[in-house]
Amino acid sequence: MTPTPPAPRGDIAGLLLAAGGGSRLGGRPKALLHYRGRLLVEHAAGVLRAAGCARVHVVLGARAAEVRERARLDGCVLVDNPDWSEGMGSSLRAGLRSLVGTGVRAALVSLVDQPGIGPTATARVLAAFEDEHSLASAAYDGVRGHPVLLGSAHWPGVAASATGDRGARAHLREHAAELRLVECGDVAEAYDIDTEADLKLLE
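Each value, and the rule that gives it
- Residues numbered from 1 in each chain as written.
- Predicted model: local features only at pLDDT ≥ 70, side-chain atom pairs only at ≥ 80, totals over all residues.
- Heavy atoms only, no water.
- Helix = DSSP H or I, 4+ residues; strand = E, 2+ residues; numbered from the N terminus.
- Buried < 20%, exposed > 50% of the residue type's maximum accessible area, 1.4 Å probe, protein only.
- Contact = heavy atoms within 4.5 Å.
- Axes fitted to C-alpha atoms, helices over the stretch in contact; angles between N-to-C directions.
- Parallel < 35°, antiparallel > 145°, perpendicular 65-115°, else oblique.
- Left-handed = near helix turned anticlockwise from the far one by under 90°.
- Pairing = 2+ DSSP bridges.
- Core = buried A, V, L, I, M, F, W, Y, C linked by side-chain atoms within 4.5 Å.

*Asks:* In this structure, what is going on with the environment of Ala138? I would like to understand it.
*Replies:* Residue placement: Ala138 occurs in strand β7 (residues 135-140). For Ala138, a relative accessible area of 0% translates into the label buried. It is 9.6 Å that separates the C-alpha atoms of Ala138 and Leu126, two residues lying twelve residues apart in sequence. Residues within four places of Ala138 in sequence aside, it is in contact with Val125, Val143, Arg144, Gly145, His146, Pro147, Val182 and Cys184.

Below, the structure written as structure tokens:
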């Protein structure tokens, strides 16, 4: 029996980081890789929607114009990060800035290159939301991973410490006592598509 999808929530936005240039993939942006008949960025945005995010912001960087032209991201807010080459931290900052003033109370942050993490795991992390101070992340056999739920009260601190490819790591470490780990290892695989050898995982 197929589980009933969660009702879409307008107070939690999906934030998809999809700006990387794929330097270890011969300069092929991960957003433009193909997975199960569509672009990886389309799949990843669809996971956030299926998990219950009514609003999805997608941060673009490398070959952003091509992604905009080729990807079917209807209903998503596309955010350009001109500083994408500085690393994931710059994309996270750009994404959080795009959510300021929208009225959402938390961001559910996912990465474009983790297709083994589907709606079930993503919805589990979303369900950890309580209020603007919520802080949660998926865990795989007890090890913290993505997606990560950032209540809006944490956005300034995350933005201040997100540099290079660190993303929210420093902030999560500083607030470890508040971080709720949501085990997802039974329903998802947290592999990354980083190298040519990893492309077989997209088949």
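*Asks:* How should unusual backbone geometry be read in this particular structure?
*Replies:* Leave glycine aside and you will find that most residues have negative phi; peptide bonds, for their part, are mostly trans. A cis amide bond links His146 to the next residue, Pro147, at an omega of 0°. Mapped onto the elements, Pro147 comes out in strand β8 (residues 143-151). Of note, the phi angle at Arg36 is positive, near 55°, even though the residue is not glycine. Residue placement: Arg36 occurs in the loop between β2 (34-35) and β3 (38-39).

*Asks:* Where do I start with the packing of helix α1 (residues 40-51) against helix α4 (residues 119-126) in this structure?
*Replies:* Angle between the axes and distance between the axes: these two values describe a pair of packed helices. In the contact formed by α1 and α4, the axes pass within 8 Å of each other and the chain directions differ by 55°. Accordingly, the angle class assigned to the pair α1 and α4 is oblique. In the packing of α1 onto α4, the handedness of the crossing is right-handed. On α4, the residues that touch Val47, Leu48, Ala50 and Ala51 of α1 are Pro119, Thr122, Ala123 and Leu126.

*Asks:* It is not clear to me how the sheet that holds β8 should be interpreted in this structure. Could you clarify?
*Replies:* Strand order across the open sheet formed by seven strands is β5-β4-β1-β6-β8-β7-β9, with mixed pairing between neighbours. Strands with a single pairing partner mark the edges of an open sheet, and in this sheet they are β5 (77-80) and β9 (180-183). The mean inter-strand angle of the sheet, taken between neighbouring strand axes irrespective of direction, is 30°. In the sheet, β7 pairs with β9 via four bridges, with the strands oriented parallel. Across the sheet, residue Ala138 finds its bridge partner in β9, namely Val182. Docked against the sheet, α1 engages β1 (9-18), β4 (53-60) and β6 (106-111), running at close to 155° with respect to β4.

*Asks:* In this structure, what is going on with the nonpolar core? I would like to understand it.
*Replies:* Within soluble globular proteins, side chains that are nonpolar tend to cluster in buried spots. Within the largest apolar cluster, 42 residues are counted, with the highest numbers of intra-cluster contacts made by Leu16, Ala18, Val41, Val58, Leu108 and Leu149. At the level of elements, β1, α1, β4, α2 (64-70), β6, α4 and β7 are the ones that each hand at least two residues to this core. No other element matches α1, which puts five residues into this core. One finds Val79, Ala107, Leu111 and Trp155 within the second-largest nonpolar core, a separate group that totals 23 residues.

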